[in-house]
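Results of the structural survey
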Amino acid sequence: MSDWNTQTITEFRANEGRVGGPFEGAPMVLLHHLGRKSGREYVTPTMYLADETDPDIIYVFATKSGAPTNPDWYINLTTAGHATIERGTETYDVTVHEVIGPDRDRIYAEQARRYPGFAEYERQTAGVRTIPVLELKHT
């Protein structure tokens, strides 16, 4: 795990789900997932967008900071179809579903409107890959 991830996870847990720096004030979640090959547990901090109508649903975005490939956590989550997350002071299980088509585009556009860095990630990956959006639903 990178030093950045380790520091972010420590800060998240020490501050009831809040972190500072470039993510200050942003909604953050810790994704717990198993490596599909290694079976190791990983914890990945990422921003999320809460669903507008269902409090049991949040969306996460496999941006990999605009890299040309999807992050490993995306592949791990979609392969498993379930995960555990830490959100604020709660830890709970979720089902994982990839959002596609117009729903994906609408959700991603809202995230990019709120956090312009996401628009930049989409610009960087244009013609290379479509950044996946995953729905995480409390079970």
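That block above? That's the structure.
Because the structure is predicted, anything quoted here is derived from the model rather than measured.

Spatial ordering of the closed barrel is given by β1-β2-β3-β6-β5-β4, a layout of 6 strands whose pairing is antiparallel. For this sheet, the mean inter-axis angle between neighbouring strands, taken without regard to orientation, is 45 degrees. Helix α2 (residues 72-80) rests against β1 (28-34), β2 (41-50), β3 (57-61), β4 (82-87), β5 (90-99) and β6 (133-138) of the sheet, and its axis sits at about 65 degrees to β1.

Interaxial distance between helix α3 (residues 101-114) and helix α4 (residues 117-125) falls to 7 Å at its minimum, and their mutual angle equals 125 degrees. The angle between α3 and α4 places the two elements in the oblique class. The segment α3 lies against α4, with R104, Y108, Q111 and A112 engaging F118, A119, Y121 and E122. Here the contact of α3 with α4 is built from residues that sort into 5 nonpolar, 1 polar and 2 charged.

Moving on, we come to the pattern of salt bridges. Scanning the model with the defined rule gives 7 salt bridges in all. Between R113 and E110 there is a salt bridge; the shortest N-O distance is 2.6 Å. On the criterion of helical spacing, the pair formed by R113 and E110 is a turn pair, its members being 3 residues apart in helix α3. Classification of E110 as buried rests on a relative accessible area of 18%. As a salt-bridge pair, E110 and R114 come within 2.6 Å of each other at their nearest N and O atoms. Residue E110 and its partner R114 are both found in helix α3; the two are separated by 4 residues, about one turn of the helix. Each of R104, D105 and E122 takes part in one network of salt bridges that share partners.

Here we take up the nonpolar core. Membership of the largest hydrophobic core comes to 19 residues, with the highest contact counts inside it found for Y59, F61, I107, Y108, F118 and V133. Elements with a minimum of two residues in this core: α1 (3-14), β1, β2, β3 and α3. Leaving out residues up to four positions away in the same chain, Y108 has contacts with F61, T63, F118, Y121, E122, I131 and V133. Core analysis: the next-biggest nonpolar cluster, separate from the first, contains 16 residues, I58, W73, Y74 and L136 among them.

Rules used throughout
- Residues numbered from 1 in each chain as written.
- Predicted model: local features only at pLDDT ≥ 70, side-chain atom pairs only at ≥ 80, totals over all residues.
- Heavy atoms only, no water.
- Pairing = 2+ DSSP bridges.
- Helix = DSSP H or I, 4+ residues; strand = E, 2+ residues; numbered from the N terminus.
- Axes fitted to C-alpha atoms, helices over the stretch in contact; angles between N-to-C directions.
- Contact = heavy atoms within 4.5 Å.
- Parallel < 35°, antiparallel > 145°, perpendicular 65-115°, else oblique.
- Nonpolar A, V, L, I, M, F, W, Y, C, P; charged D, E, K, R; others polar.
- Salt bridge = Lys/Arg side-chain N within 4 Å of Asp/Glu carboxyl O.
- Buried < 20%, exposed > 50% of the residue type's maximum accessible area, 1.4 Å probe, protein only.
- Core = buried A, V, L, I, M, F, W, Y, C linked by side-chain atoms within 4.5 Å.

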